[in-house]
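Residue-level structural notes
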Amino acid sequence: MAAKELLANSSECVEVIPGTQQIVVGGGPSSGVGTDTFYSFSSKSFTFDHVFESRALQQSVYEQAVAPLVDRFLEGFNATILAYGQTGSGKTYSMGIALDSINALEDSANQGIVPRAIDNIFRYLTESKRKMGDSFKHHVTVSFLELYNEELVDLLNPRPRSASGTHSGPSIREDGSGKIVWYNVLEEPVTSPEELLNVLQRGTLCRTTGSTDMNASSSRSHAIFTVTLRQDIPATSDLPDRKLISKFHFVDLAGSERLKRTNAEGDRKKEGISINQGLLALGNVISALGDETRRSSHVPYRDSKLTRMLQDSLGGNSQTLMLACISPSDMNYGETVNTLHYANRARNIKNRVLINQE
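Predicted model, so just to flag it, every value in this text is computed and none were measured.

With that settled, the discussion passes to the side chain of S221. Mapped onto the elements, S221 comes out in the loop between β11 (215-219) and β12 (222-233). Separated by 2.6 Å, the side chains of S221 and E146 make a polar contact. With residues near it in sequence (within four places) discarded, S221 still touches E146, L147, Y148, R207, T208, D252 and A254.

So this is what it looks like as structure tokens:
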């Protein structure tokens, strides 16, 4: 639990059933702390593809849930990881894109998903080069966007507004084949894990954060860090030569929050409202895609720039993993249950995954 939850003498209300991928919330005695404790007698059970207890190591999360996705990315498929949960539940820490967690690759204990994935990607490319020689070619580029108050910002190339209040910043469009394309976005080439992490750190320094009563360094924007890999693979006895291009989106969503608990005012309050509106739009898209009775109905991708950006990741050409981060504290029972319901609906989405071969 977080320091504030421990100081409030709250109790854990989350239990992972040993030997299963099942999690149970509630059902125990209330600690009498916080606004959600009147729910504590209501026990709810959820089953997911992977469930990790609060003391699980970062390495376990990566190896069991993320490594298979990285393997598919290297095979030429698009991939996405969405980190979702209430503010302060550990999304940015788990993704490994906080300033204090973008460390040297040797610091393995607290290393998050992004640094581990980057290390594995370059290990694979180095080994492929060794096996296939100079006939194997690859090119890696990265981009880093944030969505702040429904405005897209390129964190690797931030540009101020002009005097007229407009700017030629990033935009989202659909190409002739129906794919979502981002324009006016800087894609920076990288040749090593260290170089890539330096770019990630540079972008993270520009990301919007702020302090609320629930999180001293709360992310006030949704962030999408994208790694694009192009591979020229020589012919073998079984296969002709191939040109593959794949994208891996690492999405750190700003935390859902209740204004009465964050006590946000002024800009923080406006940010919180914008965050919740984007997450609501994302929830509506997930509901439309995950509910079998609604799959033939309209999917409201255009209700938010967030859902527009993630259109290919949700119901499109991408293997997508939602990482639902929750608080084990009974103070946050309501938000925990909401997060798990959200993730349970996302689990029902069926994407159409194709290898990206030129």
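Anyway, onward from the coordinates.
To continue, consider the environment of K270. Mapped onto the elements, K270 comes out in helix α7 (residues 267-290). Spatially, the C-alpha atom of K270 lies 7.9 Å from that of N149, the residues being 121 residues apart in sequence.

Formed by 43 residues in total, the largest nonpolar core has its most connected members in I81, F225 and F250. Counting only elements with at least two residues in this core, the list comes to α2 (58-74), β4 (79-85), α4 (113-132), β5 (137-148), α5 (193-205), β12, β13 (242-252) and β14 (319-325).

Turning our eyes to something else, we now look at the side chain of N356. Examined against the element boundaries, N356 turns out to sit in the segment after α9 (333-346). Judged by its relative accessible area of 11%, N356 falls in the buried class. Polar contacts involving the side chain of N356 include one to the side chain of N78, which spans 3.0 Å. Polar contacts involving the side chain of N356 include one to the side chain of N317, which spans 3.2 Å. Beyond its immediate sequence surroundings of up to four residues, N356 is in contact with G76, F77, N78, K243, L244, I245, S246 and N317.

With that settled, consider the pairing of β4. Of all seven residues making up β4, seven are buried, and the element is well covered by its neighbours. Burial of β4 is two-sided: the residues A79, I81, A83 and G85 facing one way and the residues T80, L82 and Y84 facing the other way are all buried. Of the pairings in the sheet, the one linking β4 to β13 comprises five bridges and is parallel in character. Paired with A83 across the strands is D252, a residue of β13. With seven bridges joining them, β4 and β14 adopt parallel strand pairing. When the bridges of β14 are listed, G85 appears paired with C325.

For the rest of this paragraph, the subject is the packing of α4 against α5. Geometry of a packed helix pair, given as the angle between the helix axes and the separation of the axes. At a minimum axis distance of 9 Å, the contact between α4 and α5 shows a crossing angle of 150°. By the angle class used here, α4 and α5 are roughly antiparallel. Note that α4 runs across α5; the crossing there is right-handed. For the pair formed by α4 and α5, the contact residues are V114, P115, I118 and F122 on the first element and P193, L196, L197 and L200 on the second. In terms of residue class, the contact of α4 with α5 is built from eight nonpolar, no polar and no charged.

Here we take up the packing of aromatic side chains. Taken as a whole and assessed by the stated rule, the structure comprises five aromatic pairs. When the centroid spacing of 5.4 Å and the interplanar angle of 65° are considered together, the rings of F73 and F248 count as edge-to-face. Of this pair, F73 sits in helix α2 while F248 sits in strand β13, and the two are 175 residues apart along the sequence. Neither residue differs from the other here; F73 and F248 are each classed as buried. Ring plane angle 80° and centroid distance 5.2 Å describe the contact between F144 and F225, whose orientation is recorded as edge-to-face. Of this pair, F144 sits in strand β5 while F225 sits in strand β12, and the two are 81 residues apart along the sequence. The burial state of F144 is the same as that of F225; both residues are buried.

Quick notes on the rules
Residues numbered from 1 in each chain as written. Predicted model: local features only at pLDDT ≥ 70, side-chain atom pairs only at ≥ 80, totals over all residues. Heavy atoms only, no water. Helix = DSSP H or I, 4+ residues; strand = E, 2+ residues; numbered from the N terminus. Polar contact = N/O pair within 3.5 Å; in protein donor to acceptor, adjacent residues only side chain to side chain. Contact = heavy atoms within 4.5 Å. Core = buried A, V, L, I, M, F, W, Y, C linked by side-chain atoms within 4.5 Å. Buried < 20%, exposed > 50% of the residue type's maximum accessible area, 1.4 Å probe, protein only. Pairing = 2+ DSSP bridges. Axes fitted to C-alpha atoms, helices over the stretch in contact; angles between N-to-C directions. Parallel < 35°, antiparallel > 145°, perpendicular 65-115°, else oblique. Left-handed = near helix turned anticlockwise from the far one by under 90°. Nonpolar A, V, L, I, M, F, W, Y, C, P; charged D, E, K, R; others polar. Phe/Tyr/Trp six-rings, centres within 6.5 Å; stacked < 30°, edge-to-face > 60°.

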